[in-house]
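One letter stands for each residue in the lines below.
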Amino acid sequence: MAFFSSLTPVFIAIICVLIGVILKKTNGEKGKHDIKRKLQSRPWVDEDLKDGTDQPLEEEEVDEEWQGLEENVAHVPFTAERYTEAEMIKRSQTFYELLNKRRSVRFLSDEPVPREVINNVIRTAGTSPSGAHTEPWTFVVVQDPYLKQRIREIVEEEEEINYKKRMGDRWVNDLKRLRTNWIKEYLDTAPYLILIFKQVYGQLPNGKKKTHYYNEISVSIACGILLAALQNVGLYTVTSTPLNCGPQLRVLLQRPANEKLLLLLPVGYPKKDATVPALTRKPLEDIMVVM
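Thresholds, definitions, all that
- Along each chain, residue indices are assigned from 1 in the same order as the chain's sequence is written.
- Totals for whole chains, interfaces and linings use all residues, but because this is a predicted model, local features are given only for residues with pLDDT of at least 70 and pairs of side-chain atoms are given and counted only at 80 or more.
- Side-chain measures were taken over the full set of non-hydrogen atoms in the model, leaving aside hydrogen atoms and water.
- UniProt positions are given in the numbering used here, feature names are shortened, and annotations may be inferred rather than shown by experiment.
- Patch members must show over 30% relative accessible area and no salt bridge, and they are joined within 9 Å when carrying like charges or within 5 Å when they are nonpolar side chains of Val, Leu, Ile, Met, Phe, Trp or Tyr.
- Each accessible area value is a Shrake-Rupley result obtained with a 1.4 Å probe; residue values ignore everything except the protein chains displayed when judging cover.
- Take a side-chain nitrogen of Lys or Arg and a carboxyl oxygen of Asp or Glu: if they are within 4 Å of each other, that pair is a salt bridge.
- Helix and strand labels come from DSSP, where a helix needs a run of H or I of at least four residues and a strand needs a run of E of at least two; each type is numbered from the N terminus.
- Being paired, for any two strands, means DSSP has found at least two bridges between them.
- To define axes, lines are fitted to C-alpha atoms, for helices over the stretch in contact only, and angles between the resulting N-to-C directions are given on a 0 to 180 degree scale.
- The contact criterion used is simple: two residues touch if any of their non-hydrogen atoms lie within 4.5 Å.
- Burial here depends on accessible area, computed with a 1.4 Å probe over protein chains only, as a share of the maximum for the residue type. Under 20% is buried, over 50% is exposed, and the range in between is partly exposed.
- Polar contacts, as used here, are pairs of N or O atoms within 3.5 Å; protein pairs need one atom able to donate a hydrogen and one able to accept it. Residues neighboring in sequence count only if both atoms are side-chain atoms.
- Grid points spaced at 1 Å and placed over the protein atoms alone form the basis of the search, with a cavity being a set where a 1.4 Å probe fits but cannot get out and a pocket an open set showing protein on both sides within 12 Å along at least five of seven lines. Lining residues have an atom within 4 Å of a point.
- Grid points are joined across faces, edges and corners, and a volume is the space filled by probe spheres set on the points.
- Here the term charged refers only to Asp, Glu, Lys and Arg, the term nonpolar to Ala, Val, Leu, Ile, Met, Phe, Trp, Tyr, Cys and Pro, and the term polar to all other amino acids, Gly among them.
- Within this scheme, the nonpolar core is defined by two criteria: the residues are buried Ala, Val, Leu, Ile, Met, Phe, Trp, Tyr or Cys, and they are joined through side-chain atoms within 4.5 Å.
- To pair, rings of Phe, Tyr and Trp, with the six-membered ring standing in for Trp, must have centres within 6.5 Å; the planes then decide the type, stacked if under 30 degrees apart, edge-to-face if over 60, and tilted in the middle.
- By definition here, charges over rings are those cases where NZ of Lys or CZ of Arg is within 6 Å of the ring centre and within 35 degrees of the ring normal.

The chain is annotated in an unreviewed UniProt entry as iodotyrosine deiodinase of Neodrepanis coruscans. Taken verbatim from the UniProt record of the chain, the Cofactor (unreviewed entry) comment is "FMN". Note on the chain: under the UniProt heading Sequence similarities (unreviewed entry), the record states "Belongs to the nitroreductase family."

A. Examining a nonpolar patch on the surface more closely. Residues Tyr213, Tyr214, Ile217 and Ile221 make up a contiguous nonpolar surface patch of roughly 400 Å² in combined accessible area. Inspection of the secondary structure puts Tyr214 in the loop between β5 (209–211) and α8 (215–232).

B. View of the sheet that holds strand β6 (residues 259–267). The strand order across the open sheet formed by three strands is β2-β3-β6, and the pairing between neighbours is antiparallel. Each of the sheet's edge strands pairs with one partner strand only, and the pair in question is β2 (137–142) and β6. Mean inter-strand twist for the sheet, computed between neighbouring axes without regard to direction, equals 20°. In the sheet, strand β3 (residues 192–199) pairs with β6 via eight bridges, with the strands oriented antiparallel. Bridged to Leu195 within β6 is Leu264. Lying over the sheet, α8 contacts β2, β3 and β6, oriented at roughly 155° with respect to β3.

C. Main features of the pairing of β3. Extensive coverage of β3 is indicated by the burial of eight of its eight residues. Pairing of β2 with β3 involves six bridges; the strand directions are antiparallel. When the sheet's bridge partners are listed, Thr138 is paired in β3 with Phe197.

D. Representation of the environment of Tyr83 within the structure. Within the element layout of this structure, Tyr83 appears in the loop between β1 (66–67) and α3 (85–100). In this structure Tyr83 comes out as partly exposed when scored by relative accessible area, which is 31%. Leaving out residues up to four positions away in the same chain, Tyr83 has contacts with Met88 and Arg91. Engagement of the side chain of Tyr83 in a polar contact is seen with the side chain of Arg91, the distance being 3.2 Å.

E. Expanded view of empty space enclosed by the protein. Taken as a whole and assessed by the stated rule, the structure comprises two cavities of 30 Å³ or more. Looking at the largest cavity, its volume works out to about 60 Å³. Around the largest cavity sit Arg102, Arg103, Ser104, Leu227, Leu230, Gln231, Leu235, Tyr236, Thr237 and Thr239, which together line it. Residues belonging to the lining of the largest cavity are distributed by class as follows: four nonpolar, four polar and two charged.

F. View of the pattern of salt bridges. Scanning all chains against the criterion turns up six salt bridges. A salt bridge links Lys198 to Glu216; its shortest N-O distance comes to 2.7 Å. Taken as a pair, Lys198 in strand β3 and Glu216 in helix α8 lie far apart in primary sequence, 18 residues in all. With respect to burial, Lys198 and Glu216 carry one shared label: buried.

G. Fine view of the nonpolar core. Residues Ile118, Phe139, Ile194, Ile196, Leu226, Leu265 and Val267 are the most contacted members of the largest nonpolar core, which totals 22 residues. Elements represented by at least two residues in this core include exactly α4 (115–125), β2, β3, α8 and β6. Looking at which element gives the most residues to this core, the answer is α8, with seven residues. Listed in part, the 20 residues of the second largest apolar core include Val155, Tyr186, Ala190 and Leu261.

H. Expanded view of the packing of aromatic side chains. Overall, the coordinates contain zero aromatic pairs when judged by the stated rule. Stacked on the ring of Tyr201, the Lys or Arg Lys209 has its end atom at 4.9 Å from the ring centre.

I. Highlighting unusual backbone geometry. Despite not being glycine, His133 shows a phi value in the positive range, around 50°. As for its placement among the helices and strands, His133 is situated in the loop between α4 and β2. Residue class for His133 comes out exposed when judged on its relative accessible area of 58%. Backbone geometry places Gln254, a non-glycine residue, at a positive phi of 60°. Among the structural elements, Gln254 can be located in the loop between α9 (246–252) and β6.

Below, the structure is given as structure tokens:
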């Protein structure tokens, strides 16, 4: 018994060593798995597309660099249009039929478009709601041929890499039926390019930064209104998110560091021989749930 008692500490030590080795191996495998998972988590996606709303500010930034909105805003009486039930139904049906004709068109004519129309559709987009009414959007309208050509060069260079290396076989195969690729001829031919930038924070006259709450959601809503406004005047576009091009395009267009590119829209009339995929939209019962 004394012999076995003397061996007990040795057994305990051996068991502890074995447990330590197992735990180290498990953690090592977990670390490798985490690294592999991080490598597979689409690291190529443009940093500009990230919304910094939820990122907490450092205390010194809040105190020294950041400033809130004014405390008091005057409130005024609100008057609204009121339609009969029959008129509401008619207007809703008419508006649906108008927007249901909207299609993504990649074959755009170089036919001139009145500048006043572009001004008005962007004014319309600017009516969008935004977090704390910060209006965190900048619409850059490009009509200069040289700038359009440079934008095309930047976008096509990155898009070729996206299609060949970054996007993966599944994504590329899903796009084949739509006949899309990295060639973006419409960036040259469309009379206007509208690049929509989200302002991740604002700049006050005194140089301090202003928080822009829900900046990406707010700008995305404005983009939806802009698409409806374009459809309303008979202009067409294709929504383009030029991944990994944001920083280069921001520098090219001389935009400040607080602005990040969210969307690029070529705008114009369709070419006479333009085609679009024969797609259908989901029926109402597939997109609406009534509780």
